[in-house]
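# Structural overview
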Amino acid sequence: MKKINSREEFDQLKKELEMLYNQNKKRIIVCKGTGCTASGSVKVIEAFEQEIERAGLSDTVEIKRTGCHGFCEKGPIVAILPEDIFYQQVSVEDVPEIIERTIRKGDLIDKLLYQDPKTKQKYVYTHDVPFYAKQKRIIFHHNGLIDPTRIEDYLGFGGYEAFVKAIFEMTPEEVIDEVKKSGLRGRGGGGFLTGLKWEFCSKAKGKPKYLICNADEGDPGAFMDRSLLEGNPHLVLEGMLIAGYAIGAHRGYIYVRAEYPLAITNLKIAIAQGQELGILGQNILGTDFSFDVMIKEGAGAFVCGEETALMASIEGRRGMPRPRPPFPAVKGLWGKPSNINNVETFANVPFIITKGSQWYSEIGTEKSKGTKIFALAGKVNNTGLVEVPMGITLREIIFDIGGGPPKGRKFKAVQLGGPSGGCIPEEHLDVPIDYDSLISLGAIMGSGGMIVMDAANCMVDVARFFLEFIQNESCGKCIPCRIGTKRMLEIVTRITEGKGEEADLELLQELAEGIKATALCGLGQTAPNPVLSTLRYFADEYRAHILEKRCPAHCCIALIKFEVDVDLCKRCGLCKKVCPAGAVSWMPKTAASINKSLCIKCKTCIENCPAQAII
Amino acid sequence: MTNSIAEISQAKAILVIGSNTTEAHPIIALQVKKAVRKNGSKLIVADPRPIALTKIADIWLQLRPGTNIALLNGMMKVIIDEGLADQRFIAERTEGYEEFKKVVDRYDLELVSQITGVPASLIQEAARIYAQAEAASILYAMGVTQHRSGTDQVLAIANLAMLTGNVGKENSGVNPLRGQNNVQGACDMGCLPNVLPGYQSIADPHILSRFEEKWGVSLSNKPGLTVTEIFQGALAGEIKGLYIMGENPMLSDPDIHKVEKALRSLDFLVVQDIFLTETAQMADVVLPAVSFAEKEGTVTNTERRVQKMNKAIQTVGEGMEDWKIICELATLMGYPMRYRCAEEIFQEIADLTPSYGGMTYQRIEQEGGLQWPCPSTQHPGTKYLHHRRFARGLGKFTPVEYSPPAEIADAEYPFTLTTGRKLFHYHTGSMSRRVAPLQEIYPEGYLEISAEDAQAINVASHEEVVVKSRRGEIKVRALISDRMPRGVVFLPFHFHESPANALTNPVIDPVAKIPELKVCAVKIERLATGD
Amino acid sequence: MEEKKIYLSINGKEVASAPSQTILEVARENKVFIPTLCDCQNLSPFGACRLCLVEVAGLPKLVPACSTPVAAGMKIRTDSEKIDQYRRLIVELLLSDHEPDCMFCEKAGDCLLQDLAYQYGLKNSRLKGERRAALIDDSNPFIERDNSKCILCGRCVRVCDEVQGVSAIGFIGRGFQTRIGTPFNRKLNCEFCGQCIASCPVGALTSKPARRKGRKWQTRWVKTICPYCGCGCNLTLHIKDNEIVGVHSDSSSPNEGYLCSKGRFGYEFVHHPDRLQFPLIRKGGQLVRAEWYEALRLVATKFQEIKSRHGNNTLAGLSSAKCTNEENYLFQKFVRAVLGTNNVDHCARL
């Protein structure tokens, strides 16, 4: 593309691109996000290309490879515009049929439509699918529309307008003020007011100033930042440009996990395009504002998501947090004033500038504004990324959007906020969620991980799992986190093995509170949360393990007898069928029994038993 | 040093020239590191080798061995040409500027770059950094002095400091780093052929008569001989008897074959030491002294700080403190010396040495050492020298010209040998090589050589080679080192098995009489295998 | 320029301080004890041990005293029951992962962890569990590292980086298995200055030459000056049974307590069997043992002889840059006044 040197040239280019975008043109949108790629979307795209070529439709039908649509469970996802027909789990074999029937004739293909597993109702249009219907997709809006490798697409949908508005019509102070008024809070976990953070950095003495985008998404199961970077990298760049202008930084770093190759590729393309177009670099659009972005690939340490550790890592040192003060706004990267925000936070900024803080602050609750993206996972029918307004209830997300636990099993709890988050039980599902309500429930917003658990999940085991993660990822610097979480893990493990003692619960509580109060960084301070929240809501399960040597969820292997409860057994014989070790004997119409000398305790029978009769 | 060690970290720019500070003065190197890393000072290193400090240096001037004067003159020309000289300092505190300027004027960057091998732009940048710093400090050591032109090199450094007003101020000055724990004190105490304690000239009749009066003898006003001249004298039969206390010239002095010959020519050699050194082995009488841990006394470090050593253990064997031995000898020779303790001697020193005049053991211990000059008991000692006035009044610019080293690598002796110290050893090794862990970590001397040169002569690392100069040859293992520039090889002088000074050139600086240990020409041969 | 004073309170008592100071510095100036493990003179605050956490009125979380600057009007509590409980827990955690080796440990009696365990009366930690295995690195002749005693205070890492500028060691591994080692487990690239040993508050880093020669407090200390280069570093020799068994340097000395490998480890020569124990006289080409009077008389006679036969100026003396001022003074006095010549020099030029 030709470099543009002024606002006029920018406006002219936008006009041309908008005219080029024919609203009525047939478009086949194929998701090329990581999820759909894994389920085969690349082959589907190739098939569409060949098929369209063969059908001689190349001039009238356009194929768009887009970023993630969120509903990864049902990939590969194909949408057909302008109607917005939603096809799911599309295979290469389906492609000729789609071209023949839907594109040529306008017919629907029934088997590709989404069917609600509970109501069995089928849906035609994307916006009607329950997974999408209750969402408010602002940040993700373009993810399903544009090709992330084409800056023209982004520009065609209003891209970089916010940035142009900021640098031509607003002073840096006005930008900060607008972001402050919007009430935007950091989406990386802490929930600190973004505008205020910018203000600290802009007022800090010292030059140069650095802007950092934290794309070190480390929570297991969370991939919203990845989806944004893969599907709409320019949106993040635009947010960074606006922030850079606001705080007076001329260099931005994106700290992204090396495990995100597609995000890195698309970011690199986007940065190169931005530089070529003159939206990044020296004297952007003829102004005296200069800004460049560098990518720093992280090596996958969880703690590098902590901002001081992240900066140490950029500097080439070991990723270890340091005490604050001094805060990064005063003394950050290379000892200079630095501002660090997470990917999703930056992605919010252009909307605030374009549509105004007034519009933005109308979404959400009193203290938490805008939307939040959650990664819905676990025992739920519809897994994927969902963007919802703050203030929505957990019940709406889990049951209306997520479709509740599969196989009609009973919901038990939802784990929120990543490894250092907490579990919330059924009784609190109707609380409108925002940063503060989650904390009062013993969880945190975190980066938006949301893991649904049903009756088969043992809460002690859940706590153990997260503790183990935290312990392995502890940087080892401070004593409470390094040794404290190790001791907690040992105690919880002991309990799951039936070796717990009554005094353990008190010790756990003491350790948890001590670590929370004394650990150096956020990782350590929140590390005891999984234990604290499960102790708070599920103390009974702990006690059953300790006193009765019983795991109520039949999950902890050491506490399972691997015996069949004859009263519960439906005599279906499924256990015999699935047992890989031939340890189950069963005759029709009789209760099954397990030969313990053959049993390898793989739990396959338990997972398949429809009656939870194996104890 | 004109400054104190602690001032180094406060300098805004530091020029390290001819000093491998990290290895020879490790604790002073810490100050340089602190300056750069904590205080943001600029560091310029001028050294043929990439020493440890070059890693943190802003500029590394990798000059050819022996070309310091050309480099310094080149820097000074840049400073003068770019108007960076401190005209006020020159006018108020110095003389001889015009003549000096004429000489420096001939050193244009192109010529200097040609002589030194350093790119002109780097010399220019170094000059600017040094001249523009609020306080600049120069650290130098034997890479400057151990040359035929050593005195001139020191003068060039002084010129540079005066030109920019970087001397006689806090944190800025000219700082030679002394290599041995009391080399400063030995000089201060008048162990030099031309001066009495406190650098008081033997040629000054008033001074001489004061000493004659105090000592109760008549003294000669004829300057004596320097070390190198003493050995020449011995060879010529003019020196018959020699008394060596705690020195090992058989390893430390240039061209040790010549030293050996000189020692053999003597009628009588007395060596007083704590080990039977290479030199002691040649003595007629060996007198056992005691180590630092077995005696009391004072030593003066490189920042002129006089500090107290204390007796920690009882004497080993029949050894005797050096001062007691001297007393016994003097008394036997009809000049009774009856000091009861080291403190009594120190009182006499203070009495006769104005710069030590205000010092007492009590003050030294209470005040954490005292830096001379400390002329009176009320004087707190002197942190930095030449404040407001130089010793001679005005600082004198002395124009100096570059002259090449005496011996240049040629077809027959194609390598330039430079010698020096290693971190884990000390001087002739008589102490450090008798420390098991130091000996374990660095057991023998190596000839450090660049990978290219090693390849050219077909030598692998750790392979034994013969190094030959016009004066001698030694066997030593080669060590391929990324520190060595092509054509230059390095040998430490600590090791009697591979004595570097068997090769070095005894040519001396005409004024300071310092030998040119930093440059001589050698050839290297693979040791024939199979014998 | 004198900084303006500000006023704040510690445990209810009003104190004055400079605004650039940390809470820990002000507390120490006012004799308020705050336990620390990772804090170390001249090194940047690290905030790892968490023992120095204090309460500041108005702040929601405890703050580390070592890295938090004071502010005017700050109300600090260092001694609340809660803080005491947390400190106790931290020490208990450390003890739960520490080889109970005080009986044999070089640092027993001079160990910060031992002091804390004593102070808090923690004989048995309630916390039992896995301990890091003893990973002893004694691959060099100077320094032994026992990772099972290491509390990971990072002092050694920081002194190696910030003071020595070498960065030979760093934190490696993660979680409970974090330890100090060389980057990527490569060969140790070390100057063996031993600054790390001096900075280690526990028995994880010890001087190999000093092993089992007597704990620091069992020795007599004599202050003196290093016999090696011209830096003039202050040494404190540790003496036991007339033997030098160790060395340290006071942090208040001009060398700030820092030494090099020679200064810290280079004392063995004093006791080396090669030491000259008695005078030697050359007889029949061989140097043989002599009595002092015999040797001294021979020297005196020979010098007199040469003097009278060939003149004063055929005698010369070489003094020593390794001897004291007093000895150098006497030597030149001897040469000038007794031998009667100015032929005196030393090896200043070498």
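Note that the coordinates shown come from a computational prediction; the quantities given were computed from them, not determined experimentally.

Quick notes on the rules
- Residues numbered from 1 in each chain as written.
- Chains lettered and ligands numbered in written order.
- Predicted model: local features only at pLDDT ≥ 70, side-chain atom pairs only at ≥ 80, totals over all residues.
- Heavy atoms only, no water.
- Pairing = 2+ DSSP bridges.
- Helix = DSSP H or I, 4+ residues; strand = E, 2+ residues; numbered from the N terminus.
- Axes fitted to C-alpha atoms, helices over the stretch in contact; angles between N-to-C directions.
- Contact = heavy atoms within 4.5 Å.
- Buried area = accessible area lost by both parts, 1.4 Å probe.
- Salt bridge = Lys/Arg side-chain N within 4 Å of Asp/Glu carboxyl O.
- Polar contact = N/O pair within 3.5 Å; in protein donor to acceptor, adjacent residues only side chain to side chain.
- Nonpolar A, V, L, I, M, F, W, Y, C, P; charged D, E, K, R; others polar.
- Buried < 20%, exposed > 50% of the residue type's maximum accessible area, 1.4 Å probe, protein only.
- Domains from an automatic or database assignment.
- Parallel < 35°, antiparallel > 145°, perpendicular 65-115°, else oblique.
- Left-handed = near helix turned anticlockwise from the far one by under 90°.

Moving on, we come to the sheet that holds strand β4 (residues 85–87) of chain A. Within a beta sheet, neighbouring strands are joined by backbone hydrogen bonds and run either parallel or antiparallel to one another. Residues and elements named next belong to chain A. Judged by pairing direction, the sheet is mixed, and its 4 strands sit side by side in the order β2-β1-β3-β4 without closing on themselves. Each edge of the open sheet is held by one strand with a lone partner, namely β2 (61–66) and β4. For this sheet, the mean angle separating the axes of adjacent strands, direction not counted, is 20°. Seen against the sheet, helix α3 (residues 41–55) touches β1 (26–31), β2 and β3 (78–81) and runs at an angle of roughly 155° to β1.

Counting residues at the interface gives 149 residues for chain B and 107 residues for chain C. Summed over both partners, the interface of chain B with chain C comes to about 10900 Å²; 64% of that surface belongs to carbon and sulfur atoms. Considering only the surface of chain B that becomes buried against chain C, Phe292(B), Glu318(B) and Met333(B) emerge as the three largest contributors, covering 7% of it. In this assembly, chain B and chain C are joined by 8 salt bridges. Among the salt bridges present, the one from Glu247(B) reaches Lys322(C), with a minimum N-O distance of 3.6 Å. Linking chain B with chain C are 57 residue pairs in polar contact (both at pLDDT 80 or more). With 9 residues, helix α16 (residues 322–332) of chain B is the largest single contributor of residues to the side of chain B that touches chain C. By residue class, the composition of the side of chain B that touches chain C is 86 nonpolar, 33 polar and 30 charged. As paired strands, strand β9 (residues 241–245) of chain B and strand β16 (residues 315–318) of chain C are joined by 4 bridges and run parallel to one another. Paired with Leu242(B) across the bridge in β16(C) is Ala316(C).

Residues and elements named next belong to chain C. Burial along strand β7 (residues 143–146) is two-sided: the face carrying Ile 143 and Arg 145 and the face carrying Glu 144 and Asp 146 are both buried. Where strand β6 (residues 136–137) and β7 come together, 2 bridges link them in antiparallel fashion. Within β7, the position partnered with Asp 137 by the bridge is Arg 145. For β7 and strand β10 (residues 205–207), the ladder comprises 3 bridges, and the chain directions are antiparallel. For Ile 143, the partnering residue across the bridge sits in β10 and is Ser 207.

Take the domain arrangement of chain C next. The extent of an interface is frequently quoted as the accessible surface area lost upon association of the parts. All names here are of chain C. When cut into domains, chain C gives domain 1 (6–79), domain 2 (101–208), domain 3 (217–275), domain 4 (277–306) and domain 5 (311–350). Just the C-alpha atoms count here: the centres of domain 2 and domain 3 sit 23 Å apart. Between domain 2 and domain 3, the residue contacts involve 15 residues of the former and 8 residues of the latter. Roughly 760 Å² of surface becomes buried between domain 2 and domain 3 when both sides are summed, with 59% attributable to carbon and sulfur atoms. It is Phe 142, Cys 193 and Gln 195 in domain 2 that bury the most area against domain 3; as a group they hold 42% of the surface buried on that side. Where domain 2 meets domain 3, there are 0 salt bridges. For the interface between domain 2 and domain 3, the tally reads 5 residue pairs in polar contact (both at pLDDT 80 or more).

Next up on the list: the packing of helix α18 (residues 479–496) of chain A against helix α19 (residues 502–518) of chain A. Residue and element names in this part refer to chain A. Two numbers describe how α18 lies on α19: the axes approach to 10 Å, and their chain directions differ by 155°. With respect to their mutual orientation, α18 and α19 come out roughly antiparallel. You can see that α18 and α19 cross each other, and the crossing is left-handed. Note on element contacts: α19 touches α18 through Asp 504, Leu 505, Leu 507, Leu 508, Leu 511, Ala 512, Ile 515 and Thr 518, opposite Pro 480, Gly 484, Thr 485, Arg 487, Met 488, Ile 491, Val 492, Arg 494 and Ile 495.

Moving on: helix α10 (residues 224–231) of chain A. Residues lying three or four places apart along an α-helix face the same way, a consequence of the helix completing one turn every 3.6 residues. With respect to burial, α10(A) is a largely interior element, 8 of its 8 residues being buried. Every buried residue of α10(A) is listed here: Met224(A), Asp225(A), Arg226(A), Ser227(A), Leu228(A), Leu229(A), Glu230(A) and Gly231(A).

Taken together, the buried positions of α16(B) are occupied by Asp322(B), Trp323(B), Ile325(B), Ile326(B), Cys327(B), Leu329(B) and Ala330(B). Those residues of α16(B) that are buried lie in contact with β9, β10 (268–273), β11 (285–288) and α17 (342–352) of chain B together with α7 (292–310) and α8 (325–339) of chain C.

Where 2 pairs of chains are in contact, the pair with the most contacts is made of chains B and C. A minimum C-alpha distance of 12 Å separates chain A and chain B, which share no contact.

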